[in-house]
Amino acid sequence: MAGEGGDDAEWEQLASSEQLEAWVKRFAGYRQPPTKDILCKWLSRFQPEHLGTAHKVLDAVIVVSEREIHEGYRDALTALPGWSKSAAAREGRWFFVGVGGAGESGPAMLRMFREANGLTSAQWQDYFKMPRELPRLALTAYDHVVFVDDFAGTGRQIVSYWPLMQELVASEASCYLLLTALTNDAERSIQDNTELDVRARLRLDATANVFAAACGRFDDDERLVLVDYGKTAWPSHPKGFGDCGLTLILSHKTPNNTIPILHANHEHWEGPFPRNLLAA
């Protein structure tokens, strides 16, 4: 395999220089963007007759940059009824909470949310709470709790977390969930099983699932090929968690609902967008 300054002719066996350059440019928003060498190493795992399908996968990848995540959080908060950075215009009390505990995505995204909305100064500190702090706030129907996370693929995690959210809020306070992206299936599940008002910059319908009939990018034979490679990348979830079949990449981390050939990183497979930067 050629290195970054290696033999372009060797790369041409896997993809054209134009394709590689276009992919590298499009994927620059990921925290560890794949180089031409990384992409070629990934492509080399496919049989020659399957390279066309692998190219289609890379063409289908959606990378949401940090800038886009920030813009989404700004737009979402601005649109919430009653919110204003001006105390005179703000209605009721407002509190912001990351979904889940330490080590989960919510607290990390809360930091990005805070930066995006210009709420990093000390005067805003009391607006940001840990989940365990909610009960002592004695919330009422005039208050607002904004839960923040990055992505919902199936909605299961949020739905399972909802009873705890309810217990912690313990009132008729308005509860919102701000996300960067979610699938239509996840949105329906959250709406049907919680009282959260969900806001997200990006909504993914059935066409985003490469294994769904609604996705016209791949034919049935290609889907079978992708499942076979997926079984090597993540044997228990070859289509991604929840069979979501996504090609979504967030700047800070690839969702596990994305097809594993893009993110798995272990001795049997190395994807170009690893969830874990070091092999497990």
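Read on for an overview of the structure.

Definitions and limits used
- Residues numbered from 1 in each chain as written.
- Predicted model: local features only at pLDDT ≥ 70, side-chain atom pairs only at ≥ 80, totals over all residues.
- Heavy atoms only, no water.
- Helix = DSSP H or I, 4+ residues; strand = E, 2+ residues; numbered from the N terminus.
- Buried < 20%, exposed > 50% of the residue type's maximum accessible area, 1.4 Å probe, protein only.
- Disulfide = S-S within 2.5 Å.

Looking at unusual backbone geometry
We note that A170 has phi near 50 degrees; this positive angle belongs to a residue other than glycine. Of note, A170 is situated in the loop between α7 (156-169) and β6 (174-183). A relative accessible area of 58% places A170 in the exposed class. Non-glycine residue D243 carries a positive phi angle of around 55 degrees. Among the structural elements, D243 can be located in the loop between α9 (220-233) and β8 (248-250). When its relative accessible area of 47% is taken as the criterion, D243 is described as partly exposed.

What about the state of the cysteines?
All chains considered together, the criterion is met by zero disulfides. Between C215, a free cysteine, and C244, which holds the nearest cysteine sulfur, the sulfur-to-sulfur gap is 14 Å. The exposure class of C215 is buried, given its relative accessible area of 5%. Taking the relative accessible area as the measure of exposure, C244 reaches 10% and is therefore buried.

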